[in-house]
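# Structure assessment
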Amino acid sequence: QCSPWKDNACCTANTSSEAHKDQSYLYNFNWNHCGVMPAKCKRHFIQDTCLYECSPNLGPWIEQADSSWRRQRILHVPLCREDCEQWWQDCRDALTCKENWHKGWNWATGGNRCPWGHACRPFSQVFPRPQDLCEKIWSGSFRFSPERRGSGRCIQMWFDPAQGNPNVAVAKYFAWRKRSSSPGQGEHEAPRGDPAVRALPCSVLLLLALALVLLPGVSLGWGSL
């Protein structure tokens, strides 16, 4: 499922392979903590992992993280409405015991198990709305966007690489907006599609947005968990 990024990815083939395992070395996290997760639900979590590990277009949302197990995180990535809604629809009957999967697990046995007193319940009870699922499950990594796929204003987890990566233009727009809304930067014309940007290597695309906000006079505004 990580193949949409194969032409310009920030992950290795080994990382892509591990993203598809129920108990991966990437995070030592088991999707099946409340019984076997249905395949139609699991595919969204695999795609979520592929987006996080492989996409070179998340630069505008990278923040410093004040935790022992990571130095950076993504925060408030605007996920397209349809992606959130389909994720919730396909997982509504799956079971989980926690709303926030980033923390609070019982790791006594080496893997994530439900904490004492947390019963397994359907996703539709733990996350009553698609917005709840997208925004709460990874403690704010995603933001439910009212924008639709193809709008150029939200990140797509799913896309056809033969049609190009729509997230390139989205990252460019939000990097421009972050810069233009910072003190001392003033307003500029919104960026348009630029073939040169699409041709940049992965490492440059990742750093592009960060470089923009590190210009003199710009407030960093780093967040944390």
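A brief look at the structure comes next. Residue indices begin from 1 for each chain and proceed along its sequence in written order. Whole-chain, interface and lining totals are the exception, using all residues; otherwise, since this is a predicted model, local features are given only for residues with pLDDT of at least 70 and side-chain atom pairs are given and counted only at 80 or more. Just so you know, side-chain values use all the structure's heavy atoms and leave hydrogens and water out.

## Some words on the overall build of the protein
Quick reminder of the rule: Secondary structure elements follow DSSP: runs of H or I of four or more residues count as helices, runs of E of two or more count as strands, with numbering from the N terminus. When a residue's accessible area, from a 1.4 Å probe over protein chains only, is under 20% of the maximum for its type it is buried; when over 50% it is exposed; and in between it is partly exposed. We call two residues in contact whenever any of their non-hydrogen atoms come within 4.5 Å of each other. Surface accessibility in these figures is a Shrake-Rupley result with a 1.4 Å probe; residues are shielded only by whichever protein chains are displayed.
Tallying secondary structure elements over the protein gives 8 helices and 6 strands in all. Seen in sequence order, the protein has helices and strands lined up from the N terminus as α-α-β-β-β-α-β-β-α-α-β-α-α-α. Looking at the protein as a whole, 45% of its 225 residues qualify as buried. In the protein, once contacts between residues fewer than 6 apart in sequence are set aside, the share between residues at least 24 apart is 67%. Accessible area of the protein: about 11500 Å², with a carbon and sulfur share of 52%.

## Regarding helix 2 (residues 39-54)
What counts is decided by this rule: Helices are assigned an expected span. That span is 1.5 Å times one less than the residue count.
Relative to the 22 Å expected for 16 residues at 1.5 Å per residue, helix 2 spans 21 Å between its end C-alpha atoms, a close match to the ideal helical length. Every buried residue of helix 2 is listed here: C41, K42, H44, F45, I46, Q47, D48, T49, C50, L51 and C54.

## Some points on the state of the cysteines
To keep things clear, this is the line we draw: Any two cysteine sulfur atoms within 2.5 Å of one another count as a disulfide.
Taken as a whole, this structure holds 5 disulfides when the rule is applied. The residue that forms a disulfide with C84 is C134, at a sulfur-sulfur distance of 2.2 Å. Negative torsions about the S-S bond denote left-handed disulfides, and the value of about -135 degrees found for C84 with C134 makes this one left-handed. Placement of the pair is C84 in helix 3 (residues 81-91) and C134 in helix 5 (residues 130-136), with a sequence separation of 50 residues. Each member of the pair, C84 together with C134, is buried.

## Thoughts on helix 6 (residues 167-180)
Across its 14 residues, helix 6 extends 20 Å between first and last C-alpha, which sits within 8% of the 20 Å expected from 1.5 Å per residue. If you check which residues of helix 6 are buried, you get N167, V168, V170, A171, Y173, F174, A175, W176 and S180.

## Here's the deal with the side chain of H33
For the record, the criterion: Counting of polar contacts relies on pairs of N or O atoms within 3.5 Å, with two restrictions inside protein: one atom must be capable of donating a hydrogen and the other of accepting it, and residues adjacent in sequence are counted only when both atoms are side-chain atoms.
Checked against the element boundaries, H33 lands in the loop between helix 1 (13-19) and helix 2. At 2.9 Å, the side chain of H33 and the side chain of T96 are in polar contact. Leave out the neighbours within four places in its chain, and H33 touches L95, T96, C97, W101, W105, N112, C114 and C120.

## Focus on the environment of N32
Here N32 shows up in the loop between helix 1 and helix 2. N32 sits 81 residues away from R113 along the chain, and the two C-alpha atoms are 9.3 Å apart. Side-chain polar atoms of N32 contact the backbone nitrogen of M37, separated by 2.8 Å.

## Focus: the pattern of salt bridges
Heads up, the rule is: For this document, the term salt bridge refers to a Lys or Arg side-chain nitrogen within 4 Å of an Asp or Glu carboxyl oxygen.
Under the definition given, this model contains 7 salt bridges. Measuring nitrogen to oxygen at the nearest pair gives 3.6 Å for the salt bridge that ties K136 to D132. Of the two residues, K136 and D132 are both situated in helix 5; the distance of 4 residues between them amounts to about one turn of the helix. Exposure remark for D132: the relative accessible area of 6% places this residue in the buried category. Within this structure, E99, R129, D132 and K136 form a network of salt bridges that share partners.

Purely spatial values, then, with no claim about function.
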